[in-house]
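Residues per chain, in single letters:
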Amino acid sequence: MRYVTEFRNAAFARAVAAEIAASTDPDRHYKIMEVCGGHTHTIYRHGIKDLLPDQIELVHGPGCPVCVLPMGRVDDGIAVAERPEVIFTCFGDMMRVPGSKGNLLEIKAQGADIRMVYSPLDALRIARENPDREVVFYAIGFETTAPSTALTLQRAKKEGIENFSVFCNHVTIVPPVRALLDSPDLRLDAFIGPGHVSTVIGCRPYEFMPKDYGKPCVVAGFEPLDLLQSILMLMRQLNEERCEVENQYGRVVPWEGNLQALRSMAEVFELRPYFEWRGLGFIAQSALKISPAYADFDAELRYLVPGVRIADPKACQCGEVLKGVLKPWECRVFGTACTPEHPLGTLMVSSEGACAAYYNFGRKSFEKAGIRE
Amino acid sequence: MGEKDLTLPDVCTLDHDGCVVCSDAGIPVRVVSVEGDDALCEDAAGNRARIAVELVAPVRIREVLLTHGGVAIGRVEEGS
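Remember, it's a predicted structure, so these values are computed and weren't measured experimentally.

Asks: Just to check I follow, could you spell out the overall build of chain A for this structure?
Replies: For chain A, the count of helices and strands is 17 helices and 13 strands. Over its C-alpha atoms chain A spans a radius of gyration of 21 Å, differing by no more than 12% from the 21 Å that the globule rule assigns to 373 residues. Principal axes of the C-alpha set define a box for chain A whose edges measure 65 × 45 × 40 Å. In chain A, which comprises 373 residues, the share counted as buried stands at 53%.

As structure tokens, then:
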């Protein structure tokens, strides 16, 4: 399949890396943020960082939906999962995200009926197969994932399935990026835009970056060559003093996005006035809730959800890492109190989280820098 | 890179992709047959699964779709 093979070619990768090196000003420092957790994962899994000159610093952004979920929303989900009539369904990573009194795996071990699913459609199938139980899907994710939840609810409504509901935690990508750009303690030169979110929303929503903040953005794919080519495109923009949104991932991302998916989302969801992000605080219009037309499927209306708000553990510095102010290994508990086996912060939970990616793949970077393992 | 390499464990497939729980991963799959709102699709390693295709309809047999969480969210232009 050409989609995969050609974008992992080592000779091409070395050639692009050489072009990046040639376009780097030795007296300048370039700070580029990859917004998406999937990109962070690719960068460390494939050693992209080792191919770049020292002058180029990659900063990891807030694009992992598990990592940005505040502890209170985890506790709210657990409160629903503990109800005896409920079959609680969620994606696998969600099971290990710590709430204030444990995680979903621990609640499952205590007897709650919690099941990992690959797709919200699997949760709907479980509802069909268990008409005497209430099935709740704990929805997380950016605009990549929100369409599958929307489609599932449209199917549930069409089929008249009454024992199914969604606890909605879907978030949107543009408001947190704007919040980062407004943050006074962060200086960035350019952005690598999220590829698969853009399959749905297109490239137009990023035009505020060059227009309002003077920052170039290149929407990128997820293979190693995609990322290298995107970095080269950003370097060319910076060197030529251009500032625009470019699409490196044209084989998948249409400029206007997926209009059918956007229509489904518009029917099923509406924007929340505000939503809490771990480490970033409350951000206006940054998340989705179930629309009135689908209120019968809204788990937050169907069940008494405590709506708790809990501060992150004091030792945890996920917020600073999410904002790109600290590198993962600069956090005071990285690799000691906080590891993938026993995560303290959410960035260590998901394989897409910056800390987990560093822990699993990036050891060479901090060994080279003489930093503790 | 030969076709055989696609079976390496770190290739994005329906079996091993990091996508079950991910933020932004997508798996390219080829349409084998279309059955109403679903299509039987095959990934690079030959794994097959039923994928919901309403959001990219109409789909054609042999075209490549981008899937996320059991739902096709986009179309892949192989020639570009």
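Asks: Got a minute to help me understand the overall build of chain B in this structure?
Replies: Helices and strands together make up the secondary structure of chain B, namely zero helices and five strands. Secondary structure of chain B in N-to-C order comes out as β-β-β-β-β. Taking all 80 residues of chain B together, 46% fall into the buried category. Taking the intrachain contacts of chain B between residues at least 6 apart in sequence as the baseline, contacts between residues at least 24 apart amount to 36%.

Asks: When you look at the nonpolar core in this model, what are you seeing that I'm missing?
Replies: Grouped burial of nonpolar side chains is what soluble globular proteins tend to show. Of all hydrophobic cores here, the largest spans 135 residues; its most connected members are Ile32 of chain A together with Leu65 and Ala72 of chain B. Ranked by the residues each element gives to this core, the list is headed by helix H12 (residues 224-239) of chain A, at eight residues. Residues contacting isoleucine 32 of chain A, with those up to four places away along its chain left out, are Ile56, Leu58, Val59, Asp189, Ala190, Ile192, Ile231 and Leu234 of chain A.

Asks: Explain the packing of helix H7 (residues 120-129) of chain A against helix H8 (residues 146-159) of chain A here, please?
Replies: Think of two packed helices as two axes; the pair is described by the angle between the axes and how far apart they sit. All names here are of chain A. Close contact between H7 and H8 brings their axes to 8 Å; oriented N to C, the two are set at 25 degrees. Put simply, H7 runs roughly parallel to H8. Two packed elements cross with a definite hand, and for H7 against H8 that hand is right-handed. Contact residues: Pro120, Leu121 and Leu124 in H7; Ser148, Thr149, Thr152, Arg155 and Ala156 in H8.

Asks: Hey, could you run me through the sheet that holds strand E6 (residues 164-170) of chain A in this one?
Replies: Within a sheet, adjacent strands bond to each other through the backbone by hydrogen bonds, running parallel or antiparallel. Residue and element names in this part refer to chain A. With parallel pairing, the four strands of this open sheet are ordered in space as E4-E3-E5-E6. Only two strands of the sheet have a single neighbouring strand rather than two, namely strand E4 (114-116) and E6. Going across the sheet, the axis of each strand differs from the next one's by a mean of 20 degrees, ignoring polarity. Alignment of strand E3 (residues 86-90) against E4, held across three bridges, turns out to be parallel. Of the residues in E4, the one forming a bridge with cysteine 90 is methionine 116. Sheet strands in contact with helix H5 (residues 71-81) are E3, E4, strand E5 (134-141) and E6, and its direction is about 145 degrees off that of E3. Against the sheet, H8 makes contact with E5 and E6, and its axis sits at roughly 160 degrees relative to E6, the strand it touches most.

Asks: Which parts of the structure should I look at to understand the sheet that holds strand E7 (residues 190-193) of chain A?
Replies: Residues and elements named next belong to chain A. An order of E2-E1-E7-E8-E9 is seen for the five strands of this open sheet, with the pairing classed as parallel. Of all strands in the sheet, those with a lone pairing partner are strand E2 (56-63) and strand E9 (245-247), marking the two edges. On average, adjacent strands in this sheet sit at an angle of 20 degrees to one another, irrespective of strand direction. Pairing of strand E1 (residues 30-36) with E2, which is carried by six bridges, proceeds in the parallel orientation. Across the sheet, methionine 33 pairs through a bridge with valine 59, a residue of E2.

Asks: Explain the environment of phenylalanine 7 of chain A here, please?
Replies: Residues and elements named next belong to chain A. With respect to the helices, strands and loops of the structure, phenylalanine 7 is situated in the loop between helix H1 (2-5) and helix H2 (10-22). Spatially, the C-alpha atoms of phenylalanine 7 and glutamate 223 are 5.7 Å apart, while their sequence positions differ by 216 residues. Ignoring sequence-local partners within four residues, the contact set of phenylalanine 7 consists of Gly221, Glu223, Pro224, Leu225 and Asp226.

Asks: Whenever I open this one, H2 of chain A confuses me. Can you help?
Replies: Think of an α-helix as turning once every 3.6 residues; residues three or four places apart then point the same way. Residue and element names in this part refer to chain A. With 13 residues, H2 extends 18 Å from end C-alpha to end C-alpha; this agrees with the ideal 18 Å at 1.5 Å per step. Among the residues making up H2, those that are buried are Ala13, Val16 and Ile20. Buried residues in H2, looked at end-on, bunch into an arc of 70 degrees, giving them a common side. Along H2, the residues that are exposed and aim more than 90 degrees away from the buried face are Ala11, Arg14, Ala18 and Ala22. If you follow the buried residues of H2, they end up packed against helix H4 (48-51) and H12.

Asks: I keep staring at H8 of chain A and nothing clicks. Help me out?
Replies: Compared with the 20 Å implied by 1.5 Å per residue over 14 residues, the 20 Å span of H8 of chain A between its first and last C-alpha is a close match. Downstream of H8 of chain A by one or two residues, glycine 160 of chain A has phi in the positive range, about 65 degrees.

Asks: What should I look at first to understand unusual backbone geometry in this one?
Replies: A cis amide bond links alanine 57 of chain B to the next residue, proline 58 of chain B, at an omega of -5 degrees. Tracing the backbone through its elements, the reader meets proline 58 of chain B in the loop between strand E3 (48-52) and strand E4 (64-68). Here the phi dihedral of glutamate 241 of chain A falls at roughly 55 degrees; this positive angle occurs in a residue that is not glycine. Overall, glutamate 241 of chain A belongs to the exposed group, with 7 C-beta atoms counted inside 10 Å. Its identity as a non-glycine residue notwithstanding, arginine 62 of chain B has a phi of 85 degrees, on the positive side. With respect to the helices, strands and loops of the structure, arginine 62 of chain B is situated in the loop between E3 and E4. Using a count of 9 C-beta atoms within 10 Å as the deciding quantity, one classes arginine 62 of chain B as exposed.

Asks: Sorry if this is basic, but what is going on with the pairing of E3 of chain A here?
Replies: Each regular strand displays side chains that alternate between the two surfaces of the sheet. Residues and elements named next belong to chain A. The buried fraction of E3 amounts to five of the five residues, a majority that puts the element mostly inside the structure. Here E3 shows no split at all, with Val86, Phe88 and Cys90 on one side and Ile87 and Thr89 on the other all buried. Note: E3 against E5, four bridges, orientation parallel. Bridge pairing in E5 links valine 86 to glutamate 134. Note on the crossover from E3 through helix H6 (residues 104-109) to E4: the handedness is right-handed.

Reading the values: rules and limits
Residues numbered from 1 in each chain as written. Chains lettered and ligands numbered in written order. Predicted model: local features only at pLDDT ≥ 70, side-chain atom pairs only at ≥ 80, totals over all residues. Helix = DSSP H or I, 4+ residues; strand = E, 2+ residues; numbered from the N terminus. Rg over C-alpha atoms; globule rule 2.2 N^0.38 Å. Buried ≥ 20, exposed ≤ 12 C-beta atoms within 10 Å, placed from the backbone. Contact = placed C-beta atoms within 7 Å. Core = buried A, V, L, I, M, F, W, Y, C linked by C-beta atoms within 7 Å. Axes fitted to C-alpha atoms, helices over the stretch in contact; angles between N-to-C directions. Parallel < 35°, antiparallel > 145°, perpendicular 65-115°, else oblique. Left-handed = near helix turned anticlockwise from the far one by under 90°. Pairing = 2+ DSSP bridges. Expected span 1.5 Å × (residues − 1). Arc of directions from axis to C-beta. Right-handed = clockwise from strand over helix to strand, strands pointing away.

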